[in-house]
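What follows is the residue order along each chain.
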Amino acid sequence: MYTIGVIGGDGIGPEVTREALRALEAAARIFGFETRLVDYPFGADHYLKTKELMSPTALSEMRSMDALFLGAIGDPRLPIGVLERGIVGECRFGLDLFVNLRPIKLFSEHLCPLKDTKPEDLDILVVRENTEDVYTGIGGFLKKGTPDEVALQEMIYTRKGVERVIRYAFEACRKRAKNKKLTLCDKANAVAAHDLWRRTFEEVGASYPDIQRDYAYVDAMCMWMVKNPETFDTVVTTNMFGDIITDLGAMLQGGLGIAAGGNIHPGRVSMFEPIHGSAPKYKGKNVANPLAAINAMAMLLDHLGLAAAAAAVEGAVRTLLVSKRIPSLGADSGLKTDQIGGMVLDELARATARGK
Ligand code: IPM
Ligand code: MG
């Protein structure tokens, strides 16, 4: 029995979450496990009604759960960042989810905007630091609104914070069946503080002689991801650079309609989400592609140790994309959100019946 906290959130969040939960339910039936869902109403509507971002007990409740699922957060009725920092940030920081794990993999050749790129050419695991950097909220304004205004936001890295995510990345790289190369993506040539990342990478890396250490400045990283994506295996990077390069990665996979990620603290409750935002203009229209959310659910299953269930869900998504039954990933695919969710369920049932 697994207890899973669910925040559907804003915009298309609840719609794509519904489809991910249907996939979860089907996987539970097929693979013989049980789930108990705890629904949280957090998001713009809840905030506008109650002035509360998260309930005071939410984080402590979540700590004793097995996993969390988040749809999407963000709403144009509120000032930029209030919900994002108050809900997504609060969960990441409050639960100390220091790894943001974002696989960039191509499910089917026709989805990639790069010429002649095959699934085996695009399979990068990005390990994004998730609790430090400019996201910590240390900063402020001086003489706000005047011509002399100063705006300050600190890029904070701690030895502990850097070390734990780098160690996680070396371990993750070791587990992958690829070429055992870990790339540190930073900007050490301009940002002196990134020297801490370099030194820590060297020191931790010394205990991983089987893994090749590689380096890319973030600007060059963007270039290489487009030019030679096949040269990357696992990448470890700062919070902000990880945010940016994984949107680029999502487009290489075919779009935000498919990219998923996990906010992880090994051994503790972790939170899984599609990388896309709340896409307010598509809210309630039943047109958003739920595959990113369904892939995030597959990552959640994998994290729970349900590897066969995770592989089956991801396999169903892959089959539907490769066969072009789901031809594209945008809201203009001609398929409805619940229809795509239904296709995944059918494929899951078909594939597992065949496997038995
Ligand atoms: C992401 C998002 C968030 C981030 C926003 C919503 C604060 O872009 O998860 O990539 O910057 O981390
Ligand atoms: Mg982002």
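Values in this document were obtained by computation on a predicted structure and should not be read as measured data. (Residues numbered from 1 in each chain as written. Chains lettered and ligands numbered in written order. Predicted model: local features only at pLDDT ≥ 70, side-chain atom pairs only at ≥ 80, totals over all residues. Heavy atoms only, no water.)

1. A closer look at the domain arrangement of the protein chain
Here is step 1 of the chain: By domain assignment, the protein chain separates into domain 1 (1–97 + 268–356) and domain 2 (123–252).
Here is step 2 of the chain: If you average the C-alpha positions of domain 1 and of domain 2, the two centres end up 26 Å apart.
Here is step 3 of the chain: Of the residues lining the interface, five residues belong to domain 1; the matching set on domain 2 comes to nine residues.
Here is step 4 of the chain: Of all residues in domain 1, the largest losses of buried area upon contact with domain 2 belong to R92, F93 and I275, amounting jointly to 71% of the total for that side.
Here is step 5 of the chain: At the junction of domain 1 with domain 2, the criterion picks out one salt bridge.
Here is step 6 of the chain: One salt bridge in this structure joins D96 and R164, with 2.8 Å as the shortest N-O distance.
Here is step 7 of the chain: Counting across the interface, domain 1 meets domain 2 through two residue pairs in polar contact (both at pLDDT 80 or more).
Here is step 8 of the chain: Of the residues belonging to the side of domain 1 that touches domain 2, the class tally is three nonpolar, no polar and two charged. (Domains from an automatic or database assignment. Contact = heavy atoms within 4.5 Å. Buried area = accessible area lost by both parts, 1.4 Å probe. Salt bridge = Lys/Arg side-chain N within 4 Å of Asp/Glu carboxyl O. Polar contact = N/O pair within 3.5 Å; in protein donor to acceptor, adjacent residues only side chain to side chain. Nonpolar A, V, L, I, M, F, W, Y, C, P; charged D, E, K, R; others polar.)

2. A word on the packing of aromatic side chains
Here is step 1 of the chain: The final tally for this structure, using the stated rule, is six aromatic pairs.
Here is step 2 of the chain: A centroid spacing of 5.2 Å and a plane angle of 25° characterise the contact between Y40 and F42, whose relative ring orientation is stacked. Judged on exposure class, the residue Y40 and its partner F42 are both buried.
Here is step 3 of the chain: Grouping aromatic residues by their ring pairs yields a cluster made of F170, F201, Y208 and Y215.
Here is step 4 of the chain: Above the face of the F232 ring, K181 is positioned so that its terminal group lies 6.0 Å from the ring centre. (Phe/Tyr/Trp six-rings, centres within 6.5 Å; stacked < 30°, edge-to-face > 60°. Buried < 20%, exposed > 50% of the residue type's maximum accessible area, 1.4 Å probe, protein only. Lys NZ or Arg CZ within 6 Å of the ring centre and 35° of its normal.)

3. Structural notes on the nonpolar core
Here is step 1 of the chain: Formed by 88 residues in total, the largest nonpolar core has its most connected members in I166, V236, L291, L301 and L321.
Here is step 2 of the chain: Looking at this core, the element that brings in the most residues is helix 9 (residues 291–303), giving nine residues.
Here is step 3 of the chain: Built from parts of two domains, this core gets at least three residues from each of domain 1 (1–97 + 268–356) and domain 2 (123–252).
Here is step 4 of the chain: Once residues within four sequence positions are removed from consideration, L291 is found in contact with G257, I258, V317, L321, I326, L329, I340 and V344.
Here is step 5 of the chain: One finds M54, L83, I87 and C91 within the second-largest nonpolar core, a separate group that totals 23 residues. (Core = buried A, V, L, I, M, F, W, Y, C linked by side-chain atoms within 4.5 Å. Helix = DSSP H or I, 4+ residues; strand = E, 2+ residues; numbered from the N terminus.)

4. Some thoughts on the sheet that holds strand 1 (residues 2–9)
Here is step 1 of the chain: A sheet is described by the order of its strands in space; here ten strands give the open sequence 2-1-3-12-11-4-5-10-8-9, paired in mixed fashion. Here the strands that pair on one side only, and so sit at the sheet edges, are strand 2 (35–40) and strand 9 (212–217). On average, each strand axis in the sheet is tilted by 25° relative to the strand beside it, whichever way the strands run.
Here is step 2 of the chain: Packed on one face of the sheet, helix 6 (residues 195–205) meets strand 5 (123–129), strand 8 (181–186), strand 9 and strand 10 (234–237) and runs near 165° to strand 9. (Pairing = 2+ DSSP bridges. Axes fitted to C-alpha atoms, helices over the stretch in contact; angles between N-to-C directions.)

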